[in-house]
Amino acid sequence: PVLHLCDSGGAFLEELSGVYIEGGRVFRNQCLLSKAGVPQVAMVFGHCTAGGAYIPALCDYSIIVRGTGGVFLGGPPLVKAATGEEHTADEIGGCDLHTQVSGTVDYPADDEAHAIAICREIVAQFKPATKSYLPERDAEPPYYDPDEMLGIVSPDHRVQFDQRELIARIVDGSRFHEYQPAYGTTLVCGYAYIWGYRVGILANNGVLFSDSSKKAAHFISLCNQNRTPLVFLQNTTGYMIGRSYEMEGITKDGAKMLMAQAGSEVPKFTVITSAAFGAGYYGMCGRAWDPRMIWAWPNVHMGVMGPDQAANTLADVKIAQLRRNGHTPDEAEMAQLRQRVYEKAERESNAYFATSRLWDDGLLAPTDTRNALGMALSAAAHAPIADPHYGIFRF
């Protein structure tokens, strides 16, 4: 079910072209949710103007607070500009108008607390949805103290740590059944329980090689076969590069991991615990690969490549370009270029830069990770899980 707490002035008039097309998708999504049988309740706490008026109108149930709530396609300023009529907000879209005359809103409320109480009564009538999976055992806290995670992970993303130490402080009883522990050791895979829910965990312990990529593809397939949600703990600089690794087939092996992960039908959840660079961010289910939820810790750095690598790569390309054209590179200019690229990459790989652009669903304190995963697992259990179906794997 979806609960809307409404107070919207509609489209921001200074950014009309930026919201006109995509803004309409909000209402379409509401229609599709209703079509899918997902209940929606609107609590109108403030004014719902123009497009904002459709939010309560498209909900199954709507509640409006007397005195502060309002629903109108055109607010008083627009009505005056378009028709010359002058009315107060309450006269053209207030509580009594819509609950007694127009029937646009279902329930009047005296204040916000009253509206929430009515909403609770409505939700109490909903029929519980059938869940795709349930907790398989009683939840128990980790054996190892979660607060210790703060001493395991460094604020410097270049300092490596063992993800098993984090797993032991997130999962029930600190018990973890590791899959293929002696193969592809830079990727830790295995089964555990979080708040009683069985999960398959993939956690980076470094760069992704061919063996760890193939291990990931197989483990993801196993989790889809036995309907086990996937949890990705990201801390990687990406897939390994170099001639010998290309000869080994790192690109096609990385593609196997991507294909298996994209074809997954089980719920996927991602927690970025430190570094997330290069295509490793994609393989480990970054934002563009549609995890149900993705969170980051405040120490995280993420991007196409690390600041040092970006600065040196761009400088080397520029130097080669100058020499190819018969010019001698100026060392001072190259140093300035390196510094400029480094500072930009360092600033834009910061966790706060990323979360401010909605590249994740919020920053988590490490000690809150277990609870966040538990709530997300419970929510995702209401969605059906289809049979797994994959594209073409390059063997």
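Data block above holds the structure.
Residues numbered from 1 in each chain as written. Predicted model: local features only at pLDDT ≥ 70, side-chain atom pairs only at ≥ 80, totals over all residues. Heavy atoms only, no water.

**Here we look at a nonpolar patch on the surface**
Part 1 of the reasoning: A cluster of nonpolar side chains, contributed by Leu3, Leu5 and Val123, occupies part of the molecular surface with about 260 Å² of accessible area.
Part 2 of the reasoning: Following the sequence through the fold, Leu5 ends up in strand S1 (residues 2–8).
Part 3 of the reasoning: Note on Leu5: relative accessible area 57%, which makes it exposed. (Patch = residues over 30% accessible without salt bridge, like charges linked within 9 Å, V, L, I, M, F, W, Y side chains within 5 Å. Areas by Shrake-Rupley, 256 points an atom, 1.4 Å probe, with all protein chains shown as cover. Salt bridge = Lys/Arg side-chain N within 4 Å of Asp/Glu carboxyl O. Helix = DSSP H or I, 4+ residues; strand = E, 2+ residues; numbered from the N terminus. Buried < 20%, exposed > 50% of the residue type's maximum accessible area, 1.4 Å probe, protein only.)

**Quick word on the packing of helix H13 (residues 307–324) against helix H14 (residues 331–348)**
Part 1 of the reasoning: Contact geometry of H13 with H14 gives a least axis separation of 8 Å together with a crossing angle of 145°. The way H13 lies across H14 gives a crossing that is right-handed. Residues Pro307, Asp308, Ala310, Ala311, Asn312, Leu314, Ala315, Asp316, Lys318, Ile319 and Leu322 of H13 form the contact with H14, whose own contacting residues are Met334, Leu337, Arg338, Val341, Tyr342, Ala345 and Glu346.
Part 2 of the reasoning: Split into classes, the residues belonging to the contact of H13 with H14 amount to 12 nonpolar, 1 polar and 5 charged. (Axes fitted to C-alpha atoms, helices over the stretch in contact; angles between N-to-C directions. Left-handed = near helix turned anticlockwise from the far one by under 90°. Contact = heavy atoms within 4.5 Å. Nonpolar A, V, L, I, M, F, W, Y, C, P; charged D, E, K, R; others polar.)

**Side note on the nonpolar core**
Part 1 of the reasoning: With 58 residues, the main nonpolar core has Ile201, Leu202, Ile272, Trp297 and Leu373 as its most contacted residues.
Part 2 of the reasoning: In terms of residue count, the dominant contributor to this core is strand S7 (residues 187–194) (6 residues).
Part 3 of the reasoning: When neighbours within four sequence positions are excluded, Leu202 is seen to be in contact with Leu187, Val188, Cys189, Ala216, Phe219, Ile220, Leu230, Val231, Phe232, Leu233 and Met284. (Core = buried A, V, L, I, M, F, W, Y, C linked by side-chain atoms within 4.5 Å.)

**Here we look at the packing of aromatic side chains**
Part 1 of the reasoning: The full count for this structure, using the stated rule, is 11 aromatic pairs.
Part 2 of the reasoning: Ring centres of Tyr61 and Phe126 lie 6.2 Å apart, and the angle between their planes is 35°; on these two criteria the pair is classed as tilted. Of the two residues, Tyr61 sits in strand S3 (residues 61–65) while Phe126 sits in the loop between helix H6 (112–123) and helix H7 (149–152), which places them 65 residues apart along the sequence.
Part 3 of the reasoning: Geometry around Tyr193 places Arg137 over its ring, the cationic atom sitting 3.8 Å from the centre.
Part 4 of the reasoning: Directly above the ring of Phe353 sits Arg357, whose terminal nitrogen or CZ lies 3.5 Å from the centroid. (Phe/Tyr/Trp six-rings, centres within 6.5 Å; stacked < 30°, edge-to-face > 60°. Lys NZ or Arg CZ within 6 Å of the ring centre and 35° of its normal.)

**Concerning the packing of helix H9 (residues 210–225) against helix H11 (residues 250–262)**
Part 1 of the reasoning: Between H9 and H11, the least distance of the axes is 8 Å, while the angle of their chain directions is 20°. With respect to their mutual orientation, H9 and H11 come out roughly parallel. The element H9 and its partner H11 pack so that their crossing is left-handed. Contact with H9, carried on its side by Ser210, Ser213, Lys214, Ala216, Ala217, Ile220 and Ser221, involves Ile250, Asp253, Gly254, Lys256, Met257, Ala260 and Gln261 of H11 and no other residues of that element.
Part 2 of the reasoning: Split by residue class, the contact of H9 with H11 holds 6 nonpolar, 5 polar and 3 charged. (Parallel < 35°, antiparallel > 145°, perpendicular 65-115°, else oblique.)

**Considerations on the pairing of S1**
Part 1 of the reasoning: Pairing between S1 and strand S2 (residues 40–49): 6 bridges, direction parallel. Within S2, the position partnered with Val2 by the bridge is Gln40.
Part 2 of the reasoning: The β-α-β motif built from S1, the intervening helix H1 (residues 16–35) and the parallel element S2 has right-handed crossover chirality. (Pairing = 2+ DSSP bridges. Right-handed = clockwise from strand over helix to strand, strands pointing away.)

**Description of the state of the cysteines**
Part 1 of the reasoning: The tally for this structure, following the rule as stated, stands at 0 disulfides.
Part 2 of the reasoning: Take Cys189: it sits in no disulfide, and the sulfur closest to it among the cysteines is that of Cys223, at 8.3 Å. (Disulfide = S-S within 2.5 Å.)

**Brief notes about the pattern of salt bridges**
Part 1 of the reasoning: Under the criterion given, the structure shown has 15 salt bridges.
Part 2 of the reasoning: Note that Glu148 and Arg169 form a salt bridge whose closest N and O atoms lie 2.8 Å from each other. Remark: Arg169 occurs in the loop between helix H8 (163–167) and strand S6 (177–179) and Glu148 occurs in the loop between H6 and H7; sequence separation between them is 21 residues.
Part 3 of the reasoning: Judged by relative accessible area, Glu148 falls into the partly exposed class, the value being 38%.
Part 4 of the reasoning: Judged by relative accessible area, Arg169 falls into the buried class, the value being 8%.
Part 5 of the reasoning: A salt bridge links Asp156 to Arg158; its shortest N-O distance comes to 3.1 Å.
Part 6 of the reasoning: The exposure class of Arg158 is exposed, given its relative accessible area of 56%.
Part 7 of the reasoning: Linked through salt bridges whose partners overlap, the residues forming this network are Arg66, Asp96 and Asp110.

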